[in-house]
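One letter stands for each residue in the lines below.
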Amino acid sequence: MNQTMSVVNAMIVVSSVLILVGLAGLYRGLDNPPPSSFSLRRKEGLEASIVFQFFHPVILYLAEFNDAYPEQSRANLDLKLKRAGRPLDYTAEEYLAVCQITAICMALVSGFYGLLIFGFGGVFAGVIAAVIGYVAPLFVLNEWVNTRVTALVLKLPYAIDL
């Protein structure tokens, strides 16, 4: 029994490595647009964050497919992005891509550890993490909106006095 679990764990690790190698090959094939086509805010974000530099081509690639989302959902998300001050000048499609990437990364990490710790029952942890990973950036966006609106309301009396 113990030897069987060791073989299963080894197969999971080897499969994960092969998947990562395949994803790296796909990543190298993605087009990375020239930085001159980005806004100043996005250029600063690219320069400041290695993680953003790595995921930016993936965000742009997934954003092309997010046109299939319902127009009303994208319009609501675009309104929230405007109210939040357009972080990194994201469009609604790009922010949906951020949600998707977060969901995929959290599902892979927690699913992998769930498999190692709990066996095949640990896949459930990956599914839960995917849902949490998709919703987490939306919660962050709502917090940015609330922070910006609160700051505006606090400064409003001073603007009226002028």
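In case you missed it, the structure is sitting above this.
Since the model is a prediction, treat every value here as computed from it, not as a measurement. (Residues numbered from 1 in each chain as written. Predicted model: local features only at pLDDT ≥ 70, side-chain atom pairs only at ≥ 80, totals over all residues. Heavy atoms only, no water.)

(A) Summary view of the pattern of salt bridges. Throughout the structure, instances matching the rule amount to five salt bridges. Between aspartate 67 and arginine 74 there is a salt bridge; the shortest N-O distance is 3.8 Å. Using a relative accessible area of 48% as the deciding quantity, one classes aspartate 67 as partly exposed. Its salt-bridge partner being glutamate 71, residue arginine 74 comes within 2.8 Å of it at the nearest N-O pair. Within this pair, arginine 74 and its partner glutamate 71 are both found in helix α4 (residues 71-83), separated by three residues, close to a single helical turn. We classify arginine 74 as buried; its relative accessible area is 12%. (Salt bridge = Lys/Arg side-chain N within 4 Å of Asp/Glu carboxyl O. Buried < 20%, exposed > 50% of the residue type's maximum accessible area, 1.4 Å probe, protein only. Helix = DSSP H or I, 4+ residues; strand = E, 2+ residues; numbered from the N terminus.)

(B) Local environment of a nonpolar patch on the surface. Where nonpolar side chains cluster on the molecular surface, the patch consists of Met106, Phe120, Val123, Phe124, Val127, Ile128 and Ile132 and spans about 670 Å² of accessible area. Looking at which element gives the most residues to the nonpolar patch, the answer is helix α6 (residues 123-161), with five residues. With respect to the helices, strands and loops of the structure, isoleucine 132 is situated in helix α6. Given a relative accessible area of 47%, isoleucine 132 falls into the partly exposed group. (Patch = residues over 30% accessible without salt bridge, like charges linked within 9 Å, V, L, I, M, F, W, Y side chains within 5 Å. Areas by Shrake-Rupley, 256 points an atom, 1.4 Å probe, with all protein chains shown as cover.)

(C) A look at helix α5 (residues 92-118). The terminal C-alpha atoms of α5, which comprises 27 residues, lie 37 Å apart, in line with the 39 Å expected from a rise of 1.5 Å per residue. Looking at the residues trailing α5, positive phi occurs at glycine 119, about 80 degrees. (Expected span 1.5 Å × (residues − 1).)

(D) Expanded view of the packing of aromatic side chains. A full pass over the atoms with the stated rule returns four aromatic pairs. Here phenylalanine 54 and phenylalanine 55 contribute two aromatic rings whose centre-to-centre distance is 5.0 Å and whose plane-to-plane angle is 85 degrees, an arrangement assigned as edge-to-face. On the basis of relative accessible area, phenylalanine 54 is assigned to the partly exposed category, the value being 43%. For phenylalanine 55, a relative accessible area of 24% corresponds to the partly exposed category. Geometrically, the ring pair formed by tyrosine 61 and phenylalanine 65 is edge-to-face, given 5.3 Å between the ring centres and 75 degrees between the ring planes. (Phe/Tyr/Trp six-rings, centres within 6.5 Å; stacked < 30°, edge-to-face > 60°.)

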